[in-house]
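# Inside the fold
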Amino acid sequence: MRVRIVAVAAAAAVSSVVAASHLSVAAVGAVTAVLILVAAIGWPHLLGVPAKKSQSTVIALSGLAATGAALTATDTDFMRWMPVATALGLGAVFLIQLFRGTGQSHRLESTLGAGVGVLLACLASGWVAAERLAINAGNTSMMLVTGISVLIALGVSLLPWPDRFVAPLGIALAATAGPLGAILLTDVPGLAAGFIGAASGAVVVAARRLYLTRDAPLNVPAALSVGAAPILVIGSLTYFLGKLFTG
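On a predicted model such as this, the values are computed, not experimentally measured, just so you know.

## Some words on the overall build of the protein chain
Tallying secondary structure elements over the protein chain gives eleven helices and zero strands in all. Listing the helices and strands of the protein chain from first to last along the sequence gives α-α-α-α-α-α-α-α-α-α-α. For the protein chain, the C-alpha radius of gyration of 18 Å lies close to 18 Å, the compact-globule estimate for 247 residues. Each principal axis of the C-alpha distribution contributes one length, and for the protein chain these read about 60 × 45 × 25 Å. Long-range pairs, those at least 24 residues apart, make up 77% of the contacts in the protein chain between residues at least 6 apart in sequence. When the accessible surface of the protein chain is split by element, carbon and sulfur atoms take 73% of a total near 11000 Å². The protein chain carries 13 positive and 7 negative side-chain charges, and their two centres are separated by 11 Å.

Below, the structure written as structure tokens:
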């Protein structure tokens with residue numbers, strides 16, 4: 001049941017971003033902010049660490065700062081301030097552990113886990129940056145291609161097969177769905193769509209593998225966070241690959 005919750009959460013997340021991209025950049029920013037909050041709230045529950053509220057706050061604020069910077073950037077380097085937001089978030093994570101004092105439990109797990117959460121939240125700003133690329137200015141074509149590839153990979157990830165079959169199949173079908181969607185529905189170059197599809201599929205099947213290696217059950221906030229996390233990462237992949245191939 002938890003696998004389905006994770007898959008549904010991921011599908012709803014990427015579908016919301018693609019739908020928002022047909023409205024405006026601000027709508028993409030709003031949806032991205034919601035996904036960051038969902039991921040930030042559930043991430044400490046996933047880690048099973050103390051100081052959940054403070055760590056969730058740092059993760060959320062870092063991601064929102066990076067997304068706001070991408071939304072308001074005046075030059076063409078829309079993710080210029082993402083590393084700064086990440087660095088500030090990591091600094092805040094270390095400060096939380098200092099304030100907790102010595103001898104507290106799970107300090108290393110909290111520091112490393114919250115640091116990863118900060119990075120994931122900041123990478124979500126890539127969705128806003130990708131929407132601001134010239135190729136998406138007219139018909140949000142790159143966003144649609146990414147969404148199709150992610151949904152295909154999510155569908156494959158639900159198959160009850162070993163990873164040695166699911167992983168290559170998910171990547172291959174996502175890489176195929178990208179160019180097909182580009183040819184039929186958009187003006188995205190087939191090569192660019194193929195690379196974005198393959199990268200998106202790789203993130204999804206990797207997240208599936210990480211989830212299946214976990215023995216402890218997930219509560220609902222943690223499951224929603226697991227579903228949103230790979231979608232946050234794919235935002236930056238869409239931006240960087242889109243910028244690489246389409247300028």
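Anyway, onward from the coordinates.
## Things to note about the layout of surface pockets
Size it by volume and the largest pocket reaches roughly 350 Å³. Taken together, 16 residues make up the lining of the largest pocket; nearest its centre are W43, A207, L210, V226 and A229. For the lining of the largest pocket, the secondary structure elements donating two or more residues are α2 (25-47), α10 (190-212) and α11 (220-246). Among the elements that take part in the lining of the largest pocket, α10 stands out by supplying five residues, more than any other. Class assignment for the residues of the lining of the largest pocket results in 14 nonpolar, one polar and one charged. Looking at the second largest pocket, its volume works out to about 270 Å³. Along the walls of the second largest pocket sit 19 residues, with V3, V6, A7, S157 and R208 positioned nearest its centre. Those elements giving two or more residues to the lining of the second largest pocket turn out to be α1 (2-21), α8 (141-157), α10 and α11. It is α10 that contributes the most residues to the lining of the second largest pocket, five residues altogether. Across the lining of the second largest pocket, the residue classes break down as 16 nonpolar, two polar and one charged.

## A word on α8
The end-to-end C-alpha separation of α8 is 25 Å, in line with the 24 Å expected for 17 residues at 1.5 Å each. Counting buried positions along α8 gives twelve out of 17 residues, so the element sits mostly inside the fold. Residues S141, M142, M143, V145, T146, G147, S149, V150, A153, L154, V156 and S157 constitute the buried set of α8.

## A look at the pattern of salt bridges
Going through the model one piece at a time under the given rule, you end up with three salt bridges. The partner of D163 in a salt bridge is R209, and the shortest N-O contact between them spans 2.8 Å. Of this pair, D163 sits in helix α9 (residues 163-185) while R209 sits in helix α10, and the two are 46 residues apart along the sequence. With a relative accessible area of 45%, R209 lands in the partly exposed category. Each of D163, R208 and R209 takes part in one network of salt bridges that share partners.

## Section: empty space enclosed by the protein
One pass over the structure, following the stated rule, counts one cavity of 30 Å³ or more. There is about 40 Å³ of room inside the largest cavity. Along its surface, the largest cavity is lined by A39, A40, W43, I59, G117, L120, A121, A229 and L232. Looking at the lining of the largest cavity, the elements that each hand over two or more residues are α2, α5 (107-123) and α11. Across the lining of the largest cavity, the residue classes tally to eight nonpolar, one polar and no charged.

Parameters and conventions
Residues numbered from 1 in each chain as written. Predicted model: local features only at pLDDT ≥ 70, side-chain atom pairs only at ≥ 80, totals over all residues. Heavy atoms only, no water. Helix = DSSP H or I, 4+ residues; strand = E, 2+ residues; numbered from the N terminus. Rg over C-alpha atoms; globule rule 2.2 N^0.38 Å. Contact = heavy atoms within 4.5 Å. Areas by Shrake-Rupley, 256 points an atom, 1.4 Å probe, with all protein chains shown as cover. Lys, Arg positive; Asp, Glu negative; His and termini not counted. Charge placed at Lys NZ, Arg CZ, Asp CG, Glu CD. 1 Å grid on protein atoms, 1.4 Å probe; cavity = no way out; pocket = protein on both sides within 12 Å on 5 of 7 lines; lining within 4 Å. Points joined across faces, edges and corners; volume = space filled by probe spheres on them. Nonpolar A, V, L, I, M, F, W, Y, C, P; charged D, E, K, R; others polar. Expected span 1.5 Å × (residues − 1). Buried < 20%, exposed > 50% of the residue type's maximum accessible area, 1.4 Å probe, protein only. Salt bridge = Lys/Arg side-chain N within 4 Å of Asp/Glu carboxyl O.

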